[in-house]
Amino acid sequence: MAIDLIREGLSPMPYAFVITNEAGEILMEIPFAERLRDPQRQIRPKQTTRARRLSQEIADAIGAARATTQRSREILARARGTS
């Protein structure tokens, strides 16, 4: 959300997440500024690590699918007698 505000030329610092109950009563407010200035936050490294892992899993799945496709083609070619 902060990035969307920045893209619109607005500062996210005065905004906050507001958590309410079913009756609409405010239970908690979490200012963007508190979260954006937190030096301990590690959202990006975790996201980057997960993205790399998922990317590798996808690459592995694509490689396996290609190998299976190639084996299938070879079997079909042998069955047709055109190997």
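Above this text you will find the structure in question.
All values derive from a computational prediction rather than experimental measurement.

Participant: An account of the pattern of salt bridges is needed here, citing residue identities and associated values.
Facilitator: Scanning the model with the defined rule gives two salt bridges in all. With a closest N to O distance of 3.8 Å, Arg7 and Asp4 form a salt bridge. Residue Arg7 and its partner Asp4 are both found in helix H1 (residues 2-7); the two are separated by three residues, about one turn of the helix. Residue Arg53 pairs with Glu57 through a salt bridge whose shortest N-O separation is 3.3 Å. Taken together, the positions of Arg53 and Glu57, both in helix H3 (residues 43-80) and four residues apart, correspond to about one turn of that helix. Look at Glu57 and you get partly exposed, because its relative accessible area is 43%.

Participant: Give me the packing of aromatic side chains: which residues, what numbers.
Facilitator: A complete count under the given rule lists one aromatic pair for this structure. Between Phe17 and Phe32, the aromatic rings sit 4.9 Å apart at their centres with planes inclined by 35 degrees, giving tilted as the arrangement. Here Phe17, found in strand E1 (residues 16-20), pairs with Phe32, found in helix H2 (residues 32-36); they are 15 residues apart in sequence, far enough to count as distant. Owing to a relative accessible area of 39%, Phe17 belongs among the partly exposed residues under this scheme.

What counts and what doesn't
Residues numbered from 1 in each chain as written. Predicted model: local features only at pLDDT ≥ 70, side-chain atom pairs only at ≥ 80, totals over all residues. Heavy atoms only, no water. Salt bridge = Lys/Arg side-chain N within 4 Å of Asp/Glu carboxyl O. Helix = DSSP H or I, 4+ residues; strand = E, 2+ residues; numbered from the N terminus. Buried < 20%, exposed > 50% of the residue type's maximum accessible area, 1.4 Å probe, protein only. Phe/Tyr/Trp six-rings, centres within 6.5 Å; stacked < 30°, edge-to-face > 60°.

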